[in-house]
Amino acid sequence: MHWIDKIARLLLRRGKRHVVASGISVSGPIHIGHCNDVFIADGIRRAVGELSGKAEAFWYADDYDPMRRIPWPLNEKGLAEKYRQYLGMPYIDIPSPDPDYKNFVDYFARPFIESLRDFGVKVKIYSGAGIYRGGKMAGLIKTALEHADKIRAILNKYRLEPLPQDWLPYDAICEKCGRMATTRTFAWHDNCVNYKCEGCDYASGCGHEGEADYTKGEGKLTWRVEWPARWKLLKVTCEPFGKDHAVVGGSYDTGKIIAKHVFKYLAPYPVPYEWVSLRGSRMSSSKGVVFTPPQWLEIAEPELLRHFIFRSKSTKAKDFDPGLPLLDLYDEFDLVEQVYFGEVKTSDRREKQLKRIYELSQLRKPSKKPVQRVPFRFATVLTQVMRDEKHAIEVLASKNILTKPTRVDIKLAIHRLSCAGNWVSKYAPERLRFKVAEELPFEAVRCLTEKQKEGLAQLAADLSSREYTPVELHNHIYEVGKKIELKASELFKAVYLALLGRESGPRAGNFISALDKEFVISRFKKVISS
RNA sequence: GGGCCCGUAGCGCAGUCUGGCCAGCGCACCGGCCUUUUAAGCCGGGUGUCGCGGGUUCGAAUCCCGCCGGGCCCGCCA
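Residues numbered from 1 in each chain as written. Chains lettered and ligands numbered in written order. Predicted model: local features only at pLDDT ≥ 70, side-chain atom pairs only at ≥ 80, totals over all residues. Heavy atoms only, no water.

> What's the story with the overall build of chain A in this structure? I'm lost.
Check the secondary structure of chain A and you find 23 helices and 15 strands. Over its C-alpha trace chain A gives a radius of gyration of 30 Å, far above what one expects of a compact globule, namely 24 Å for 530 residues. For the C-alpha atoms alone, the extent of chain A along its principal axes is close to 100 × 55 × 35 Å. When the accessible surface of chain A is summed, it comes to about 24900 Å², and 51% of that surface belongs to carbon and sulfur atoms. (Helix = DSSP H or I, 4+ residues; strand = E, 2+ residues; numbered from the N terminus. Rg over C-alpha atoms; globule rule 2.2 N^0.38 Å. Areas by Shrake-Rupley, 256 points an atom, 1.4 Å probe, with all protein chains shown as cover.)

Structural data, given as structure tokens:
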């Protein structure tokens, strides 16, 4: 059974209605590693629903935390100076570097939130700042303040250095300088928490002493208390989270205890997950080592990222490499799809697992009919020679890659071709790139022998006298070589030199078929008369 | 100091929860074929002490204990 379904079953043993939480701190560019979080939450929501439970999922933007590091690209020269002043302030109060976005949070979170729909993820969106400023957390904050001693005792069990006697689980925003990380709270009464803006290790305080109204969002609960409060507020029953929170004595452990003893709430069923690395190294918002969902959609279908996440256990570390390894991911996805549609056989057990992975990779219910796909490796060649979409579809049909394609098949093919085009220009190694020479490459064809020219002349003549399928054409090159007693490899070389200006290229039959015939004939003729 | 994950074929991995067709998949590789350059196709081939050592069991990659190696997280804040 797939791990998503195991979790769904466990949840249903606890109850019928479920709320699956996800969310991250909006501290910089949101990358595909963060997709684990929402995709898993959404996947569980889906699985619970399929098992006739009631479930919803949400994504919560932690946008009311203080900025402790300036993220890429705001830490680049010019901008860094400007953003230094905002250290310690809540993300929501920091301006956007781009006027098209409302603020720092909008700038980083909107591209992510907007892409969620493209990935078939159906989640409610919450904003921490919205929750606090809307006063929704007021009651829970009061409870936490009333139980400050109890909370402090719980946390101290897990700390080397105990919290101060007057510690409160609340971080106030300084009304004078707007910073949150710099304040120290020490007392409270009615709706207000007293603080002094003293500074912290990465930002200095302004010295102001004041009162923050916690019912109006003039501050927030400290993380280890906020998390359980949020569970209670939003009735969370299940939540995936990264391994940093999952550590013994970490925020889940203390959150569970605080939830039970302070908020009288059963902690959600935890789903810890491993992180996604990029080309072997940890993604880092501050260094700009990130790969984002919109970047993903440029080079691959959304189903592929879902496949990437659901194909292995959540606790398994995953590495993503948009270079050549992406091709393997494509092949694997296509293979799983063929297994789903019964076109490829495997063991019963494996088949069951793969079919479920395929379902989870889909944005909606899978198609009833088998889907025709253009192998991505081939798409990377076709996209470099095709004249237009119509022509590309003709080529695909002539090669039997698409047989009687439906409108959907054609749409998928065109989409994959555009992904392939983007991939070739952005991530492919040089050797997979080629460009048809627009003008006769004089330098390159100068070294051609008379025999090679004779071969090209023959090919040109044959091309104009009849139609060839790609395979026929490929074979025909060998026939021509035999006829004029020229080694096939020499003739291939001549073909590539004439068209590309280099000695090798994509498989010749495919390649020439994908080009305009008259263009090829005239190019060959030009070579002969050069 | 504590915790988590990983260790299965040359490489990447599935299988471990629920012990018994679990010795598998992809790529690579080897042999053969297509007169067939190329990250093209077809047919055939598994190349393995399942990290090591114990234990439980009729039976262990799978469960338990110990150890080794690699990676990561926490021990500030989130």
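> What exactly am I supposed to notice about the protein's contact with RNA strand B here?
Around RNA strand B there are 32 residues in total, and K6, T222, K243, K316 and Y496 lie nearest to it. Taking all atoms of RNA strand B within 4 Å of the protein, the share assigned to sugar and phosphate is 52%. Residue R377 places a side-chain N or O atom 2.4 Å away from a base nitrogen belonging to RNA strand B. One of the side-chain N or O atoms of Y496 is found 2.2 Å from a base oxygen in RNA strand B. For the surface near RNA strand B, the secondary-structure elements that each account for two or more residues are α9 (243-246), α14 (348-361), α20 (470-483) and α21 (488-500). Among the elements that line the surface near RNA strand B, the one with the most residues is α20, at 4 residues. (Near = heavy atom within 4 Å. Polar contact = N/O pair within 3.5 Å; in protein donor to acceptor, adjacent residues only side chain to side chain.)

> Mind showing me how you'd approach the sheet that holds strand β9 (residues 209-213) here?
By definition, the strands of a sheet pair up through backbone hydrogen bonds, in either a parallel or an antiparallel sense. Strands sit in the order β5-β6-β9 across an open sheet of 3 strands; the sheet is antiparallel. The open sheet is flanked by β5 (183-189) and β9, the only strands paired with a single partner. Taking the axes of each pair of neighbouring strands and ignoring which way they run, one obtains an average angle of 30° across the sheet. (Pairing = 2+ DSSP bridges. Axes fitted to C-alpha atoms, helices over the stretch in contact; angles between N-to-C directions.)

> Hey, could you run me through the side chain of T254 in this one?
Looking at the secondary structure, you find T254 in helix α10 (residues 251-261). When residues no more than four places from it in sequence are discounted, the contact partners of T254 are L155, Y158, R224 and G249. (Contact = heavy atoms within 4.5 Å.)

> What exactly am I supposed to notice about the side chain of S361 here?
The topology assignment puts S361 in helix α14. In this structure the side chain of S361 is engaged in a polar contact, spanning 2.6 Å, whose partner is the backbone oxygen of Y358. The residues contacting S361, other than those within four sequence positions of it, are E303, R306, H307 and F333.

> Looking at this structure, I do not really get unusual backbone geometry. What am I missing?
Trans is the prevailing form of peptide bonds, just as negative phi is the prevailing case for residues other than glycine. Note the cis peptide between W72 and P73, where omega equals 5°. Phi is positive for K235, which is not a glycine, with a value near 55°. Inspection of the secondary structure assignment puts K235 in the loop between α8 (223-234) and β11 (238-242). The backbone of K404 shows a phi angle near 45°, a positive value even though the residue is not glycine. Here K404 shows up in the loop between α16 (389-398) and α17 (407-426).

> Sorry, what's going on with the pattern of salt bridges here?
Pairing is possible between side chains of opposite charge, provided their charged atoms come close. Summed over all chains, the structure comprises 30 salt bridges. Among the salt bridges present, the one from K243 reaches E274, with a minimum N-O distance of 2.9 Å. Taken together, the positions of K243 in helix α9 and E274 in the loop between β12 (269-273) and β13 (276-278) put the pair 31 residues apart, joining distant regions of the chain. Residue class for K243 comes out partly exposed when judged on its relative accessible area of 35%. Residue D331 pairs with R377 through a salt bridge whose shortest N-O separation is 2.9 Å. One end of the pair, D331, is in helix α13 (residues 325-340); the other, R377, is in helix α15 (residues 376-385), and 46 residues separate them in sequence. (Salt bridge = Lys/Arg side-chain N within 4 Å of Asp/Glu carboxyl O. Buried < 20%, exposed > 50% of the residue type's maximum accessible area, 1.4 Å probe, protein only.)

> Whenever I open this one, the sheet that holds β13 confuses me. Can you help?
The strand order β14-β13-β15 describes an open sheet built from 3 strands, whose pairing is mixed. The open sheet has two edge strands, β14 (281-282) and β15 (318-320), and neither has a second partner.

> Would you mind showing me how to read a positive patch on the surface here?
On the surface, a cluster of positive charge is made up of R68, R69, R282 and K287. With respect to the secondary-structure elements, R282 resides in strand β14. In this structure R282 comes out as exposed when scored by relative accessible area, which is 61%. (Patch = residues over 30% accessible without salt bridge, like charges linked within 9 Å, V, L, I, M, F, W, Y side chains within 5 Å. Lys, Arg positive; Asp, Glu negative; His and termini not counted. Charge placed at Lys NZ, Arg CZ, Asp CG, Glu CD.)

> Honestly, the nonpolar core in this entry has me stumped. Any pointers?
The nonpolar side chains of a soluble globular protein tend to be buried, and buried together. By size, the foremost hydrophobic cluster in this structure holds 174 residues, and its most contacted members are I44, W59, W296, L396, L456 and F524. For this core, the element with the highest residue contribution is α21, accounting for 10 residues. The residues contacting F524, other than those within four sequence positions of it, are L456, L459, A460, L463, V495, A498 and L499. (Core = buried A, V, L, I, M, F, W, Y, C linked by side-chain atoms within 4.5 Å.)

> In this structure, what is going on with α10? I would like to understand it.
Where α10 is concerned, the buried positions are S251, Y252, T254, G255, I258 and A259. Here the buried residues of α10 occupy an arc of 160° about the axis, which is enough to place them on one side. Looking at the buried positions of α10, the neighbouring elements they touch are α7 (148-156), α8, β11, α9 and β12. (Arc of directions from axis to C-beta.)

> Would you take a moment to explain the environment of L116 for this structure?
With respect to the helices and strands, the residue L116 is situated in helix α4 (residues 104-118). The class of L116 is buried, set by a relative accessible area of 4%. Residues L116 and D319, spaced 203 residues apart in sequence, show a C-alpha to C-alpha distance of 21 Å. When residues no more than four places from it in sequence are discounted, the contact partners of L116 are V38, V121, V123 and I125.

> Got a minute to help me understand the packing of aromatic side chains in this structure?
Aromatic rings considered in pairs are described by the distance between their centres and by the relative angle of their planes. As enumerated under the stated definition, the model contains 29 aromatic pairs in all. Both rings, one in Y60 and one in Y126, keep their centres 6.4 Å apart while their planes meet at 45°; by these two values the pair is tilted. Here Y60 is found in strand β2 (residues 54-62), whereas its partner Y126 is found in strand β3 (residues 124-127), with 66 residues between them in sequence. Of the residues examined, Y60 reaches a relative accessible area of 0% and is grouped as buried. Taking 6.0 Å as the distance between ring centres and 35° as the angle between the ring planes, the aromatic pair formed by F333 and Y358 counts as tilted. Separated by 25 residues along the polypeptide, F333 in helix α13 and Y358 in helix α14 bring together distant segments of the chain. The same class applies to F333 and to Y358, which are both buried. Site record: aromatic cluster; members linked through ring pairs are Y91, Y101, F104, Y107 and F108. Looking at K243, its charged tip hangs above the ring of W275, at a distance of 5.4 Å from the centre. For R306, the ring lying beneath its charged end belongs to F39, and the centroid distance is 5.8 Å. (Phe/Tyr/Trp six-rings, centres within 6.5 Å; stacked < 30°, edge-to-face > 60°. Lys NZ or Arg CZ within 6 Å of the ring centre and 35° of its normal.)

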